[in-house]
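# Fold and contact review
Listed below, chain by chain, are the residues.
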Amino acid sequence: MERLVIVESGGDEWIRVELRDVPVAIANGIRRMILREVPTMAVEEVLIIENSSAMPNEILAHRISLIPFVSDMDNYNLPEHCSCQSKLGCEKCVVRYVLRAEAGDAPITVYSRDMTPENPETTVKPVSGNIPITMLAPGQRIELELYVRLGQGKKHTKWQAGIATLYEEDGKNLLYIESFGFLPAKRMLKEAVNILRRKVDDMISECEVLFADAKEAS
Ligand SMILES: [Zn+2]
């Protein structure tokens, strides 16, 4: 019998899943993995080369860091798990962008679409080009370097993949998953289940070591 059945779906944006014969604790584990562990991509570091806008550096950097990026978790590593172990990162753990904008005679609004990737082929890009970042008055200019990395919601909510809610309806246990755009909702579910399984596997291995030690000691 299938335990997880998608009963309704809004494309990549959301899914409603029926949990059949899944203990509530496990279902809640899946929900929490979606909120805290499923990795997504966002700007982690901002290098400000120039900022003559009215917006202070920290606020500008904060606004940019909250922009969700279409995430590629198959080709990139979490920085803490990457073999480079470098603060600057490598091509397996960082996607570089630049943001250059300058207002001429009239004020302009700078949008997420104004960020340009170092590698134009990259699939890692803002989920929408229409997110306003700041406004520039005539003569004002910004130039920034942006480092997009994989991260997890438990480190900062900017990396939270979406929303997950458990509820009961007509005697059925349901899990509603909505994506913020980083990953398709179905992929969020798959990753959450995989992460939970890996955690349980690790715990089993640790228990085996523990029991082996106890046997030796007795
Ligand atoms: Zn790396």
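Check the entry above for the structure.
Keep in mind that this is a model prediction, so the values were computed, not measured. Residue numbers run consecutively from 1 along every chain, following the written order of its sequence. Reporting of local features is limited, given that this is a predicted model, to residues whose pLDDT is at least 70; pairs of side-chain atoms are given and counted only at 80 or more, and all residues count toward the totals for whole chains, interfaces and linings.

### Details of the sheet that holds strand 10 (residues 172-179)
What counts here: Here a strand pair is declared whenever DSSP counts at least two bridges between the two strands. Helix numbering and strand numbering both begin at the N terminus, where a helix is a DSSP run of H or I of at least 4 residues and a strand a DSSP run of E of at least 2. Only the stretch in contact is used when fitting a helix axis, every axis being a line fitted to C-alpha atoms; angles between N-to-C directions are given from 0 to 180 degrees. Contact criterion: two residues are in contact if their C-beta atoms, reconstructed from the backbone, are within 7 Å.
Read from one edge of the open sheet, 4 strands run 1-2-10-9, paired in antiparallel fashion. The open sheet is flanked by strand 1 (4-9) and strand 9 (162-169), the only strands paired with a single partner. Ignoring strand direction, the axes of neighbouring strands in this sheet form an average angle of 25°. One ladder, built from 8 bridges, connects strand 9 with strand 10; its direction is antiparallel. Bridge pairing in strand 10 places A164 opposite I177. With respect to the sheet, helix 1 (residues 24-36) is in contact with strand 2 (14-19), strand 9 and strand 10, its orientation differing from that of strand 9 by roughly 160°. Packing of helix 3 (residues 185-217) onto the sheet brings it into contact with strand 2, strand 9 and strand 10, and relative to strand 10 it is tilted by some 115°.

### A short note on the nonpolar core
Put simply, the rule is: The term nonpolar core refers to a group of buried residues, namely Ala, Val, Leu, Ile, Met, Phe, Trp, Tyr and Cys, whose C-beta atoms join them within 7 Å. As a rule, residues whose C-beta atom has 12 or fewer other C-beta atoms within 10 Å are exposed, those with 20 or more are buried, and those in between are partly exposed; C-beta atoms are placed from the backbone. The start and end points of each domain follow an automatic or database-based domain assignment.
Counting residues in each nonpolar core, the largest one holds 39 residues, and the members touching the most others are I34, L146, V148, I177, M188 and A192. Two domains each put at least three residues into this core: domain 1 (4-37 + 162-217) and domain 2 (40-158). When neighbours within four sequence positions are excluded, M188 is seen to be in contact with I34, V38, A161, G162, I177, S179 and L183.

### Quick look at the sheet that holds strand 8 (residues 141-151)
Taken in spatial order, the 4 strands line up as 3-8-4-6 in an open sheet, and their pairing is antiparallel. The sheet is open, and its two borders are formed by strand 3 (40-51) and strand 6 (115-117), each paired with just one other strand. Strand-to-strand twist across the sheet, computed as the mean angle between neighbouring axes with direction ignored, equals 25°. Relative to strand 6, strand 4 (residues 95-102) is paired through 3 bridges, and the arrangement is antiparallel. Considered in strand 6, the bridge of V98 is made with T116. Each of strand 3 and strand 8 touches helix 2 (residues 57-65); the most contacted strand, strand 3, lies at about 150° to it.

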